[in-house]
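# What the coordinates show
Okay, here's what each chain looks like letter by letter:
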Amino acid sequence: MDATGRKSTVAHKTLLEGSGLWKTYSGNEGAEPVLSNVSLQVERGEFVSLVGPSGCGKSTLLHVLGGFARPDRGEVRLGGAPLAGPASRAVMLFQEYGLLPWRSALGNVELGLEPLGMSVSDRRERARYYLQLVQLDDKRALLPHQLSGGMKQRVALARALAVRPELLLMDEPFAALDTFTRYHLQDQLLELQRKEALTVVLVTHDIDEAVYLSDRVLLMEGGPGRIHTELAIALAKPRDRGQRDFQAYRKRILEAFRLTGNGPEEEFTI
Ligand SMILES: Nc1ncnc2c1ncn2[C@@H]1O[C@H](COP(=O)(O)OP(=O)(O)OP(=O)(O)O)[C@@H](O)[C@H]1O
Ligand SMILES: [Mg+2]
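Residues numbered from 1 in each chain as written. Chains lettered and ligands numbered in written order. Predicted model: local features only at pLDDT ≥ 70, side-chain atom pairs only at ≥ 80, totals over all residues. Heavy atoms only, no water.

For the protein chain, an unreviewed UniProt entry supplies the name ABC transporter ATP-binding protein and the organism Paenibacillus sabuli.

See below:
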């Protein structure tokens, strides 16, 4: 066991691996594949973002990586073992929170723990620990409609973390939030990632968010969906959005997108 109580497994540097992933949705035959021979590797403890225009296949790729959708071809491996379906080691956090409206904040965090066969008191203790981590213990008795959007997202984050996953897959989790709440949650996420030794794959439209959070940004394009560029963000965390190097990374990503499809790839190597 490590400090978080998570069972330690034989260290395998690559936690998540997608190889040669292809996906076409039924009813969409004849169209360009949504995923076209996509391969990626995510190291343990790494924070990777997927960035790209609407409809390019980011959510599809995230679903395939989490075992929620099957690729037509190719394979996903988690911790070295083939992934055949959703695994408790990998949890997905959606933009729309997915909280049960009739359950309190605490009840919602406990929800994911119910199938684990824990005693009621252990479950409650664990849920409160994660509500404290997202600074919501004092709101634990409130129902979702009594919470702000940012608080709901934090409850959803606590619920995801409470099952102590190794991998957190996030699909635009902060997109609906105002700038202040978003910045605050981004900092909390980085802090939690450090404390819990989490590996994160984040889908975002927000280039600033990708540069602020990620160790690596994968730029995707559609028609057919693929990763066209990979950019390591070599800046120490916490990062300063106003810093020149930060802005330089933003600019490189923006340029890569502006040039997509306008010429050979070498022109936008970043
Ligand atoms: N369940 C589905 N059935 C059929 N087609 C789908 C399904 N889900 C997604 N698609 C199609 O796959 C393509 C990629 O969708 P996806 O949701 O992965 O894009 P995205 O990059 O996440 O876009 P956005 O940024 O708008 O969320 C789109 O053309 C979409 O219409
Ligand atoms: Mg999407």
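Having put the structure on the table, let's press on.
### Some thoughts on the pairing of strand β4 (residues 73–78)
Pairing of strand β1 (residues 14–23) with β4, which is carried by five bridges, proceeds in the antiparallel orientation. Its bridge partner lying in β4, Trp22 is registered against Arg73. As defined by bridge partners, β4 adjoins strand β5 (residues 81–82) across two bridges and the pair is classed as antiparallel. In the sheet register, Leu78 faces β5, and the bridge partner there is Ala81. Hairpin geometry of β4 and β5 is characterised by an intervening segment of two residues between the two adjacent antiparallel strands and by a positive phi of about 60° at Gly79. (Pairing = 2+ DSSP bridges. Helix = DSSP H or I, 4+ residues; strand = E, 2+ residues; numbered from the N terminus.)

### Examining the site of ligand 1
If you check the shell around ligand 1, you find Tyr25, Val34, Pro53, Ser54, Gly55, Cys56, Gly57, Lys58, Ser59, Thr60, Glu172 and His205 and nothing else. Within the side chain of Ser54, one N or O atom sits 2.6 Å away from an oxygen atom of ligand 1. Taking Cys56, its main chain carries an N or O atom lying 3.2 Å from an oxygen atom of ligand 1. Considered class by class, the residues forming the shell around ligand 1 number four nonpolar, six polar and two charged. (Near = heavy atom within 4 Å. Polar contact = N/O pair within 3.5 Å; in protein donor to acceptor, adjacent residues only side chain to side chain. Nonpolar A, V, L, I, M, F, W, Y, C, P; charged D, E, K, R; others polar.)

### Digging into the sheet that holds strand β6 (residues 90–94)
Two modes of strand pairing occur in sheets, parallel and antiparallel, and in both the strands are linked by backbone hydrogen bonds. Within the open sheet, the six strands sit side by side as β6-β7-β8-β3-β9-β10. Their pairing is mixed. At either end of the open sheet lies a strand with only one pairing partner, and these are β6 and β10 (226–232). Across the sheet, the mean angle from the axis of one strand to that of its neighbour is 20°, orientation sign disregarded. Looking at chain direction, β6 and strand β7 (residues 167–171) are connected through five bridges and run parallel. Looking across to β7, one finds that Ala90 is bridged to Leu167. Sheet strands in contact with helix α4 (residues 149–162) are β6 and β7, and its direction is about 170° off that of β6. Of the strands in this sheet, β3 (47–51), β7 and β8 (199–204) touch helix α5 (residues 179–196), which is tilted by about 140° from β3. (Axes fitted to C-alpha atoms, helices over the stretch in contact; angles between N-to-C directions. Contact = heavy atoms within 4.5 Å.)

### A word on helix α1 (residues 58–65)
Burial analysis of α1 places six of its eight residues in the buried class, which makes it a mostly covered element. Among all positions of α1, only Lys58, Thr60, Leu61, Leu62, Val64 and Leu65 are buried. Positive phi appears at Gly67, one or two residues downstream of α1, with a value of about 80°. (Buried < 20%, exposed > 50% of the residue type's maximum accessible area, 1.4 Å probe, protein only.)

### So, helix α3 (residues 120–133)
Over its 14 residues, α3 extends 20 Å from the first C-alpha to the last, a length consistent with the 20 Å expected when each residue adds 1.5 Å. Where α3 is buried, its residues contact α2 (105–111), α4 and α5. Positive phi appears at Gln135, one or two residues downstream of α3, with a value of about 60°. (Expected span 1.5 Å × (residues − 1).)

### A look at the nonpolar core
Formed by 52 residues in total, the largest nonpolar core has its most connected members in Leu131, Val155, Leu157, Leu168, Met170 and Leu189. When residues in this core are grouped by element, the largest group, eight residues, is from α4. Of the domains in this structure, domain 1 (1–89 + 167–270) and domain 2 (98–164) are the two that each give at least three residues to this core. The residues contacting Leu168, other than those within four sequence positions of it, are Val91, Leu93, Leu157, Ala160, Leu161, Leu189, Leu198, Thr199, Val200 and Val201. Residues Val38, Cys56, Leu169 and Met220 belong to the second largest nonpolar core, which totals 26 residues. (Core = buried A, V, L, I, M, F, W, Y, C linked by side-chain atoms within 4.5 Å. Domains from an automatic or database assignment.)

### Regarding the environment of Arg159
Structurally, Arg159 is set in helix α4. When the C-alpha positions of Arg159 and Ser214 are compared, they lie 22 Å apart, and in sequence the two are 55 residues distant. Not counting residues up to four positions away in its chain, the partners in contact with Arg159 are Tyr97, Gly98, Leu99, Asn108, Val109, Leu111 and Gly112.

### Quick word on the domain arrangement of the protein chain
What the domain assignment reports for the protein chain is domain 1 (1–89 + 167–270) and domain 2 (98–164). The straight-line distance from the C-alpha centre of domain 1 to that of domain 2 is 26 Å. Counting residues at the interface gives 18 residues for domain 1 and 14 residues for domain 2. Across the domain 1 to domain 2 interface the summed buried area is about 1200 Å²; carbon plus sulfur atoms make up 65%. When the buried surface of domain 1 facing domain 2 is broken down by residue, Gln188, Leu192 and Glu196 rank first, second and third, together holding 36% of it. The tally of links between domain 1 and domain 2 comes to zero salt bridges. Viewed at the interface, domain 2 and domain 1 are joined by three residue pairs in polar contact (both at pLDDT 80 or more). For the side of domain 1 that touches domain 2, the elements supplying multiple residues, two or more each, are β7 and α5. Of the residues that constitute the side of domain 1 that touches domain 2, the class distribution is nine nonpolar, six polar and three charged. (Buried area = accessible area lost by both parts, 1.4 Å probe. Salt bridge = Lys/Arg side-chain N within 4 Å of Asp/Glu carboxyl O.)

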